[in-house]
Amino acid sequence: MSPTRPPADPPGDDTLDLRVDDLLALLARGAPPQPPAGDVPTGGPSSTDLPSTGAPATGTSTTGAPVTGTSATPVTGIPAGDTSTGDAPATGTPPGALFRGGRPRRELLDGDLLDSVASWGPTTTPVGSFRLVPVRLEHDLPLLTRWMNDPAVAAFWELAGPETVTAEHLRAQLEGDGRSVPCLGRLDGTPMSYFEIYRADLDPLARRYPARPHDTGVHLLIGGSTDRGRGVGTTLLRAVADMVLDHRPRCTRIVAEPDLRNTPSVSAFLGGGFRYAAEVDLPDKRAALMIRDRALRHVL
């Protein structure tokens, strides 16, 4: 399906994002918030002319739902009060500003693009010790193929079929430039989920919203049905977001785009410390743009 071009002034565009500055000012000073300026940039060109990143055209879900994402409705910049912005600009970057000639700007391709995900180590969560382990294609392919053929997963990821289908999806990332890292999520040593950690600012999605350098995206599926519907996805989303913020000091925001129809996924993100930023039209769905801000890390 061809992507839908967002309108010049999309209704209801990220209204919550416009109030974050006032929220932080209110928390800091106790002063009443002032009305937002409302200067929201419009979307960019059609996603059909965007470069491929090696990351999937999909996103996140606690029930195996990925998210397609290349034509997001733009959102505003990082909230005021974030003193750890790294090299991100103080205000929203216009859509496409991180690209030059249709490719990511060279200065953004700096060393290890995701700060060595393999070295992040385990983290303690309420459901057990959790760790992200980069996928080993030959070793992990049978398990991942089985998960992708689960009807609840296949409905959104659309990777059902023989091992070659899943292998092609993984190989595009494993043989890419490192801007997307596919990982198994191991809980107490047992693989039970699949994550993709990717540089959202180097993804075609960055052409659709005011991305900041080092914005990091997350895609998720929970592999076993016994781990769904009992809060495990919510717990792991919060844990992984914390891991990204701990190990990627230049990252100020984590983004995701669950399908609006997948209410368990949207709920999991909200419970995991993300905020709803906007509804966005993507090539084959309408999605919720979810953002977790470093500045609000201990508030939400």
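The rules behind these values
- Residues numbered from 1 in each chain as written.
- Predicted model: local features only at pLDDT ≥ 70, side-chain atom pairs only at ≥ 80, totals over all residues.
- Heavy atoms only, no water.
- Buried < 20%, exposed > 50% of the residue type's maximum accessible area, 1.4 Å probe, protein only.
- Helix = DSSP H or I, 4+ residues; strand = E, 2+ residues; numbered from the N terminus.
- Pairing = 2+ DSSP bridges.
- Core = buried A, V, L, I, M, F, W, Y, C linked by side-chain atoms within 4.5 Å.
- Contact = heavy atoms within 4.5 Å.
- Axes fitted to C-alpha atoms, helices over the stretch in contact; angles between N-to-C directions.
- Expected span 1.5 Å × (residues − 1).
- pLDDT = per-residue confidence, 0-100.
- 1 Å grid on protein atoms, 1.4 Å probe; cavity = no way out; pocket = protein on both sides within 12 Å on 5 of 7 lines; lining within 4 Å.
- Points joined across faces, edges and corners; volume = space filled by probe spheres on them.
- Nonpolar A, V, L, I, M, F, W, Y, C, P; charged D, E, K, R; others polar.

Draft legend 1. Geometry of the pairing of strand S6 (residues 190–199). Across the 10 residues that make up S6, a large majority, 8, are buried. In this structure, strand S5 (residues 180–187) lies alongside S6, joined through 8 bridges in antiparallel fashion. Considered in S6, the bridge of Cys183 is made with Phe195. Between the antiparallel neighbours S5 and S6 lie 2 residues, among them Asp188 with a positive phi of about 50 degrees. Direction of pairing for S6 relative to strand S7 (residues 216–222): antiparallel, over a ladder of 7 bridges. From the neighbouring strand, Arg199 faces S7, where its bridge partner is Thr216.

Draft legend 2. Seen up close, the nonpolar core. Counting 31 residues, the largest nonpolar core has Phe130, Leu132, Phe195, Ile197, Val218, Val240 and Ile254 as the members making the most contacts within it. Every element with two or more residues in this core is listed here: strand S4 (128–134), S5, S6, S7, helix H6 (232–247), strand S8 (253–256), helix H7 (263–271) and strand S10 (285–293). The greatest single-element share of this core, amounting to 8 residues, is contributed by H6. Among residues more than four places away in sequence, those in contact with Leu132 are Val117, Trp120, Cys183, Leu184, Gly185, Phe195, Ile197, Val240 and Met243. Among the nonpolar cores identified, the runner-up in size contains 15 residues, and Leu141, Leu143, Leu144 and Leu170 belong to it.

Draft legend 3. View of unusual backbone geometry. At Ser116, a residue that is not glycine, the phi angle is positive and equals roughly 55 degrees. Its location among the elements puts Ser116 in the loop between strand S2 (103–104) and strand S3 (123–125). For His214, which is not glycine, the phi torsion reads 75 degrees and is therefore positive. Examined against the element boundaries, His214 turns out to sit in the loop between S6 and S7.

Draft legend 4. Quick look at the sheet that holds S3. One open sheet holds the 8 strands; their spatial order is S3-S4-S5-S6-S7-S8-S10-S9, and the pairing between them is mixed. Lying at the two open borders of the sheet, with one neighbouring strand each, are S3 and strand S9 (275–282). Geometrically, the sheet is characterised by an average inter-axis angle of 30 degrees between neighbouring strands, direction not taken into account.

Draft legend 5. Broad picture of H6. For H6, with 16 residues, the first-to-last C-alpha span of 22 Å sits near the 22 Å given by 1.5 Å per residue. For H6, the full list of buried residues reads Val232, Gly233, Thr235, Leu236, Leu237, Ala239, Val240, Ala241, Met243, Val244 and Leu245.

Draft legend 6. Highlighting the confidence of the model for the protein. On average, residues of the protein score 73 in pLDDT, and 63% of them are at 70 or above. Here residues 1–93 scores under 50 on pLDDT; set against residues more than four positions off or in separate chains, the count is 235 contacts.

Draft legend 7. Structural view of empty space enclosed by the protein. Tallying each qualifying case throughout the model produces 2 cavities of 30 Å³ or more. The computed volume of the second largest cavity comes to approximately 30 Å³. Lining the second largest cavity, in full, are Val218, Leu237, Val240, Ala241, Val244, Ile254 and Phe274. Sort the elements by how many residues they give to the lining of the second largest cavity and H6 lands first, with 4 residues. Of the residues assigned to the lining of the second largest cavity, the class counts are 7 nonpolar, no polar and no charged.

Draft legend 8. Region of interest: the pairing of S10. Taken across its 9 residues, S10 has 8 buried, putting it largely inside the fold. Sheet topology note: the S9/S10 ladder contains 7 bridges and is antiparallel. Looking across to S10, one finds that Asp281 is bridged to Arg286. What sits between S9 and S10 in their antiparallel hairpin is a turn of 2 residues.

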